[in-house]
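Letter by letter, the chains look like this.
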Amino acid sequence: QVQLVESGGGLGEAGGSLRLSCAASRSLTSINAMGWYRQAPGKQREFVANITSGSRINYADSVKGRFTISTDIANNRMYLQMNSLKPEDTAVYYCNAVVVSPTTTTYWGQGTQVTVSS
């Protein structure tokens, strides 16, 4: 089991920055991949960024060059630094963890709202 708790959402301005945090209930070294997804009103949940246990990082094209995903192994936390915010970044952001042993299981946080004003 992995419990995930997001924090750091809120109201930002276009061109500004916000940082999201995701606290995991177990060591990140026991998790195969962690990432961020988002869901805007009336839209499907979409991939934002992820980082694997091999430190491979992937970003959606829409956030590449503006968002940075990182982890703090010592404190079991993952972050999403969001710069150059755009109104279209407005969404509920979800933290995600994938554990592949003994079976592949995906865990989700409860989500944190990010609203970007123009």
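Keep in mind the model is a prediction, meaning the values are calculated, not measured.

A.B. asks: Please explain the packing of aromatic side chains as it appears in this structure.
C.D. replies: The way to describe two aromatic rings as a pair is by their centre distance and the angle between their planes. Taken as a whole and assessed by the stated rule, the structure comprises 3 aromatic pairs. Relative to phenylalanine 47, the ring of tyrosine 37 lies with its centre 5.6 Å away and its plane at 75°, an arrangement referred to as edge-to-face. Placement of the pair is tyrosine 37 in strand E4 (residues 33-39) and phenylalanine 47 in strand E5 (residues 46-52), with a sequence separation of 10 residues. In this structure tyrosine 37 comes out as partly exposed when scored by relative accessible area, which is 23%. In this structure phenylalanine 47 comes out as partly exposed when scored by relative accessible area, which is 28%. Where tyrosine 37 meets tryptophan 108, the ring centres are 5.1 Å apart and the plane angle is 75°; that geometry is what we call edge-to-face. Taken together, the positions of tyrosine 37 in strand E4 and tryptophan 108 in strand E10 (residues 105-108) put the pair 71 residues apart, joining distant regions of the chain. Looking at tryptophan 108, the relative accessible area reads 36%, which means it is partly exposed. Through a chain of ring-to-ring contacts, three or more aromatic side chains come together here, namely Tyr37, Phe47, Tyr94 and Trp108.

Here is what the cut-offs are and how they apply
Residues numbered from 1 in each chain as written. Predicted model: local features only at pLDDT ≥ 70, side-chain atom pairs only at ≥ 80, totals over all residues. Heavy atoms only, no water. Phe/Tyr/Trp six-rings, centres within 6.5 Å; stacked < 30°, edge-to-face > 60°. Helix = DSSP H or I, 4+ residues; strand = E, 2+ residues; numbered from the N terminus. Buried < 20%, exposed > 50% of the residue type's maximum accessible area, 1.4 Å probe, protein only.

Treat this as a map of the structure, not an account of what it does.
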